[in-house]
Amino acid sequence: MDYADRDTGGSHRYTGTGGDYAEGVPCWVDATLPDVEGGKRFYGELFGWTFDHAYAYAYSDGLPVAALAPKTDGRMPTVWTVYLATPDAAALAERVRDAGGSVITEPRQTGPAGTTALAADPEGAVFGLWQAGTHRGFGKRQRPGSYCWAEVYARDKDLVDPFYERVFGYGGFDLDLDGEDFRTWSPAGSEPGPDTAIGGRSLIPAAADPAARMRIPAEMPAHFLVYFNVVDTDAAAAAVTRLGGRVQAPPHDTPYGRIAVFTDNQGATFAVLQD
């Protein structure tokens, strides 16, 4: 089943030929946790997700939206990872290296589901690669209880922007969000701009910027932030606190909706958007 064809709440910008994801488009997210059963309780109550087996696929309205995976090594970070689609994970891994990034785990086939790898940009922000087999990606997105956005937080835009634009062919579009330097990325072949954007780049604030540090500490390493759509950001913040998580950035309004940044009760950080 091609999940992209079943998702009536998404946008054309997320699909390529035949309903598949165009290369570089976020197609999946998972959280690597020390306690998957605890993660099921946290996210099940927060987002209304249901789950299945060991690599715990999460479902919303019966459609796959994310997964929770057990940490196999205590040195691994507790983190949400976004996976970017590709028709050829091995070729993409080589482009990552050629552009100055690194490949953390080489492409490997995960049975009939597909081929996966982990990579990092020149500043160390980690992202996944996904070459689809039977698992096509999100069955639902851009709707409550599902993925809606991802952005990388970087320090040196002159290093990071050319990397992603070379590797994935993204078209960049610069926005001024109340003085914040923000760049959106659109898939190759589309007109760059907010209407076609599939992700973006923000800058980690300087230590001297206390207002910005409320959201992202200056000492934070380069990283991706994954967003989930919710009906009520304030209610989500209250639920996160009640479930033992932390509110990193309290609910606040932006031109694109009301957002907040949370850390779950095991240490994985994510954001929500009420549009």
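Small disclaimer: the values here were computed from a predicted structure and weren't measured. (Residues numbered from 1 in each chain as written. Predicted model: local features only at pLDDT ≥ 70, side-chain atom pairs only at ≥ 80, totals over all residues. Heavy atoms only, no water.)

Let us look at the sheet that holds strand β9 (residues 147-154). The strand order across the open sheet formed by eight strands is β10-β11-β12-β9-β13-β16-β15-β14, and the pairing between neighbours is mixed. Strands with a single pairing partner mark the edges of an open sheet, and in this sheet they are β10 (171-177) and β14 (246-254). Direction aside, neighbouring strands of the sheet carry axes that sit 25° apart on average. For β10 and strand β11 (residues 180-186), the ladder comprises seven bridges, and the chain directions are antiparallel. Opposite Leu 177, over in β11, you have Glu 180 as the bridge partner. Taken strand by strand, helix α2 (residues 36-47) contacts β13 (223-229) and β16 (269-274), and its axis lies near 10° from that of β16. Relative to β11, helix α4 (residues 157-168) is tilted by about 10°, and along the sheet it contacts β9, β10, β11, β12 (199-203) and β13. (Pairing = 2+ DSSP bridges. Helix = DSSP H or I, 4+ residues; strand = E, 2+ residues; numbered from the N terminus. Axes fitted to C-alpha atoms, helices over the stretch in contact; angles between N-to-C directions. Contact = heavy atoms within 4.5 Å.)

This brings us to the pairing of β11. Of all seven residues in β11, five are buried, a share of seventy percent or more. What sits between β10 and β11 in their antiparallel hairpin is a turn of two residues, with Asp 178 showing a positive phi close to 55°. Sheet topology note: the β11/β12 ladder contains three bridges and is antiparallel. If you follow Thr 184 over to β12, its bridge partner there is Gly 200. (Buried < 20%, exposed > 50% of the residue type's maximum accessible area, 1.4 Å probe, protein only.)

Counting across every chain of the model gives 15 salt bridges. Residue Asp 161 is joined to Arg 183 by a salt bridge in which the shortest nitrogen-to-oxygen separation is 3.8 Å. Here Asp 161, found in helix α4, pairs with Arg 183, found in strand β11; they are 22 residues apart in sequence, far enough to count as distant. Residue class for Asp 161 comes out buried when judged on its relative accessible area of 8%. Here Arg 258 makes a salt bridge to Asp 253, at a shortest N to O gap of 3.1 Å. (Salt bridge = Lys/Arg side-chain N within 4 Å of Asp/Glu carboxyl O.)

This brings us to empty space enclosed by the protein. Evaluated as defined, the whole model comprises one cavity of 30 Å³ or more. Quantified by volume, the largest cavity comes out at close to 80 Å³. Among the secondary structure elements, those contributing two or more residues to the lining of the largest cavity are β5 (79-85) and β12. For the lining of the largest cavity, the per-class residue count stands at nine nonpolar, three polar and no charged. (1 Å grid on protein atoms, 1.4 Å probe; cavity = no way out; pocket = protein on both sides within 12 Å on 5 of 7 lines; lining within 4 Å. Points joined across faces, edges and corners; volume = space filled by probe spheres on them. Nonpolar A, V, L, I, M, F, W, Y, C, P; charged D, E, K, R; others polar.)

Parts of the model with low pLDDT should not have their predicted coordinates read in detail. On average, the protein chain scores 89 in pLDDT, and the residues at 70 or more come to 88%. With pLDDT under 50 throughout, residues 1-19 is counted as low confidence; its partners more than four residues away or in other chains account for 53 contacts. Within the model, pLDDT remains below 50 along residues 207-211, and this stretch shows two contacts once partners closer than five positions in the same chain are excluded. (pLDDT = per-residue confidence, 0-100.)

In this section: helix α3 (residues 89-98). Taken together, the buried positions of α3 are occupied by Ala 89, Leu 92, Ala 93 and Val 96. Angularly, the buried residues of α3 cover 105° about the axis, an arc narrow enough to put them on a single face. For α3, the side-chain oxygen to backbone nitrogen distance between the N-cap and Ala 90 is 3.2 Å, and the N-cap itself is Asp 88. Trailing α3 by a residue or two, Gly 100 shows a phi angle of about 100°, which is positive. (Arc of directions from axis to C-beta. Polar contact = N/O pair within 3.5 Å; in protein donor to acceptor, adjacent residues only side chain to side chain.)

Turning our eyes to something else, we now look at the packing of α2 against helix α6 (residues 233-242). Two elements in contact, α2 and α6, have axes whose closest approach is 10 Å; the angle formed by their N-to-C orientations is 155°. When the axis of α2 is compared with that of α6, the two are roughly antiparallel. The chirality of how α2 crosses α6 is right-handed. Along the contact surface, α2 presents Phe 42, Glu 45 and Leu 46, while α6 presents Ala 236, Ala 239, Val 240 and Arg 242. Here the contact of α2 with α6 is built from residues that sort into five nonpolar, no polar and two charged. (Parallel < 35°, antiparallel > 145°, perpendicular 65-115°, else oblique. Left-handed = near helix turned anticlockwise from the far one by under 90°.)

It is worth spelling out the nonpolar core at this point. Within the largest apolar cluster, 65 residues are counted, with the highest numbers of intra-cluster contacts made by Tyr 43, Leu 46, Trp 80, Phe 127, Tyr 164 and Phe 270. Of all hydrophobic cores here, the second largest spans 14 residues; its members include Ala 197, Leu 225, Ala 249 and Ile 259. (Core = buried A, V, L, I, M, F, W, Y, C linked by side-chain atoms within 4.5 Å.)

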